[in-house]
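Chain by chain, the residues:
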Amino acid sequence: MSLSTAGKLKLELQLVARLNIQEEASPYYPPRARWYSRLFSFGGAIRRRLALDRIRLPREMALIGLVAGFLVPGLAVYIRGPRLWGKAALAGCGLLLLLFIVWFGHPVGNFAFGLLLSIHVSGFVYYCSPLLSKTSFNSRLLFTLLTMMALGLLIYLPIRNVVLQHWVLPLRANDHVFVVQRQFPVAAIQRGDWIAYKLGGGSSGWQTGGGHGTVYVRSGMGFGPVLAMAGDRVTFSTNVFTVNGIRHPLLPHMPRSGEVAVPEKNWFVWPGYSISGEGDENRITSLMLQLALVPENDFVGKPFQRWLGRQQITP
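The sections below set out a description of the structure shown in this document. Source: prediction; values computed, not measured. (Residues numbered from 1 in each chain as written. Predicted model: local features only at pLDDT ≥ 70, side-chain atom pairs only at ≥ 80, totals over all residues. Heavy atoms only, no water.)

Here the focus is the overall build of the protein chain. In terms of regular secondary structure, the protein chain is built from 9 helices and 15 strands. Burial statistics for the protein chain: of 315 residues in total, 30% are counted as buried. Counting only contacts in the protein chain whose residues sit at least 6 apart along the sequence, the fraction spanning at least 24 positions is 58%. Surface accessibility of the protein chain: about 21700 Å² in total, with carbon and sulfur atoms responsible for 60%. (Helix = DSSP H or I, 4+ residues; strand = E, 2+ residues; numbered from the N terminus. Buried < 20%, exposed > 50% of the residue type's maximum accessible area, 1.4 Å probe, protein only. Contact = heavy atoms within 4.5 Å. Areas by Shrake-Rupley, 256 points an atom, 1.4 Å probe, with all protein chains shown as cover.)

Spatially, 4 strands are ordered S9-S8-S7-S10 in an open sheet, and the strand pairing comes out antiparallel. The open sheet has two edge strands, strand S9 (246-249) and strand S10 (258-261), and neither has a second partner. Geometrically, the sheet is characterised by an average inter-axis angle of 20° between neighbouring strands, direction not taken into account. Sheet topology places strand S8 (residues 240-243) next to S9; 4 bridges connect them, and they run antiparallel. Paired with Phe-241 across the two strands is His-248, which belongs to S9. (Pairing = 2+ DSSP bridges. Axes fitted to C-alpha atoms, helices over the stretch in contact; angles between N-to-C directions.)

Throughout the structure, instances matching the rule amount to 12 aromatic pairs. Ring centres of Trp-194 and Phe-223 lie 5.2 Å apart, and the angle between their planes is 45°; on these two criteria the pair is classed as tilted. With Trp-194 in strand S3 (residues 194-199) and Phe-223 in strand S6 (residues 220-225), this pair connects stretches of sequence that are 29 residues apart. A relative accessible area of 30% places Trp-194 in the partly exposed class. Between the aromatic rings of Phe-236 and Phe-241, the centroid separation amounts to 6.5 Å while the plane-to-plane angle is 35°, which identifies the pairing as tilted. Over the ring of Tyr-127 we find Arg-80, and its NZ or CZ is 4.6 Å from the ring centre. Over the ring of Trp-103 we find Arg-310; its NZ or CZ atom is 4.5 Å from the centre of that ring. (Phe/Tyr/Trp six-rings, centres within 6.5 Å; stacked < 30°, edge-to-face > 60°. Lys NZ or Arg CZ within 6 Å of the ring centre and 35° of its normal.)

Here Met-288 is to be found in helix H9 (residues 281-291). Using a relative accessible area of 5% as the deciding quantity, one classes Met-288 as buried. Separated by 33 residues in sequence, Met-288 and Pro-255 have C-alpha atoms that sit 9.4 Å apart.

To continue, consider helix H3 (residues 63-71). Buried within H3 we find Gly-65, Leu-66, Gly-69 and Phe-70. The buried side chains of H3 occupy one side of the element, clustering within an arc of 130° when seen end-on. Across from the buried face of H3, at angles greater than 90 degrees, the exposed residues are Ile-64 and Leu-71. Along its buried surface, H3 packs onto helix H4 (75-80), helix H6 (107-127) and helix H8 (137-167). (Arc of directions from axis to C-beta.)

Bringing the side chain of Gln-312 into the picture now. With respect to the element layout, Gln-312 can be found in the segment after strand S15 (310-311). Overall, Gln-312 belongs to the buried group, its relative accessible area being 12%. When sequence neighbours within four positions are dropped, the list of residues in contact with Gln-312 reads Val-177, Phe-178, Val-179, Pro-303, Phe-304, Gln-305, Arg-306 and Trp-307.

This brings us to the packing of helix H5 (residues 83-102) against H6. Between H5 and H6, whose axes approach to 8 Å, the crossing angle comes to 155°. Taken as axis vectors, H5 and H6 run roughly antiparallel relative to one another. Like other packed secondary-structure pairs, H5 and H6 cross with a definite hand, here left-handed. Along the contact surface, H5 presents Cys-93, Leu-96, Leu-99 and Phe-100, while H6 presents Gly-109, Ala-112, Phe-113, Leu-115, Leu-116 and Ile-119. For the contact of H5 with H6, the class distribution of residues is 9 nonpolar, 1 polar and no charged. (Parallel < 35°, antiparallel > 145°, perpendicular 65-115°, else oblique. Left-handed = near helix turned anticlockwise from the far one by under 90°. Nonpolar A, V, L, I, M, F, W, Y, C, P; charged D, E, K, R; others polar.)

Of all hydrophobic cores here, the largest spans 34 residues; its most connected members are Phe-104, Leu-151 and Phe-223. For this core, the secondary structure elements donating two or more residues are H3, H5, H6, H8, strand S1 (168-173) and strand S2 (176-181). Ranked by size, the runner-up nonpolar core spans 14 residues in total, among them Val-234, Phe-236, Val-260 and Val-262. (Core = buried A, V, L, I, M, F, W, Y, C linked by side-chain atoms within 4.5 Å.)

Take the sheet that holds S2 next. Think of a sheet as strands paired side by side through backbone hydrogen bonds, with each pair either parallel or antiparallel. The strand order across the open sheet built from 5 strands is S1-S2-S13-S3-S6, with neighbouring strands paired in antiparallel fashion. Both edges of this open sheet fall to S1 and S6, since each of them pairs with a single strand only. The mean angle between the axes of side-by-side strands here comes to 40°, regardless of whether they run parallel or antiparallel. Direction of pairing for S3 relative to S6: antiparallel, over a ladder of 6 bridges. Across the sheet, residue Trp-194 finds its bridge partner in S6, namely Pro-225.

In structure tokens, the structure reads:
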């Protein structure tokens, strides 16, 4: 074997050995910072700012488990264990959330929402059991009440307000619950579409030769189909009313004569209110006619044709 061949073999052996050696971090050159190191640095700064680094939890508890169990219902039971009961708690919370969405606005949905909050509170208190092991019963009860208030005010109430104000809203009308979508564009509303709108309360009085009276309208939500759009003409007769010449059956408390021109940025929605008591029919009709002109600014939302398989509006 020549000298050059021996040198090449030695070089190859050194290269193979070099590839199999696990490199260790040098004490003189620290490892390069990763892309996510800034997130940890930011989290550490917040923790020190809020004095969370001074909190000393029992060994059976961790700060990340405390936060995760507070934010996610049922997760605290899974972290604390046993895992079988934790999985059951997570599955139960998921089922209750599904029931709440399907029966949104019904008693079943409200019951599911309350039970979901109860499991969330119970699971979080269960995770904190090492912290409460040496405290009195009154202290545990107070901690449970404070936990319920914190979860309700910091998580459930804000989420509920966002959902009702920007996404969906349950509306009860004629003993039925209709789920209304809040983000429906006003410009897309057509004749025949059902809408929900704000209704301002008020009163209107009248006086005849022998007495006087008042019509009261409760504030809240109105609900009904759009019969005419801005620029349409609504004409009333004895048995029918017409919209741009198209005949429709006369609705309760509609006038038997006259004509209405729907102003710009308004809809004509006849109020479907029940009348209690007795009064001047002409006065009631006049007030209902005023309420039938709904400004676009009072629009609340458009109900879904179907809500998770259930028919809401009959075509």
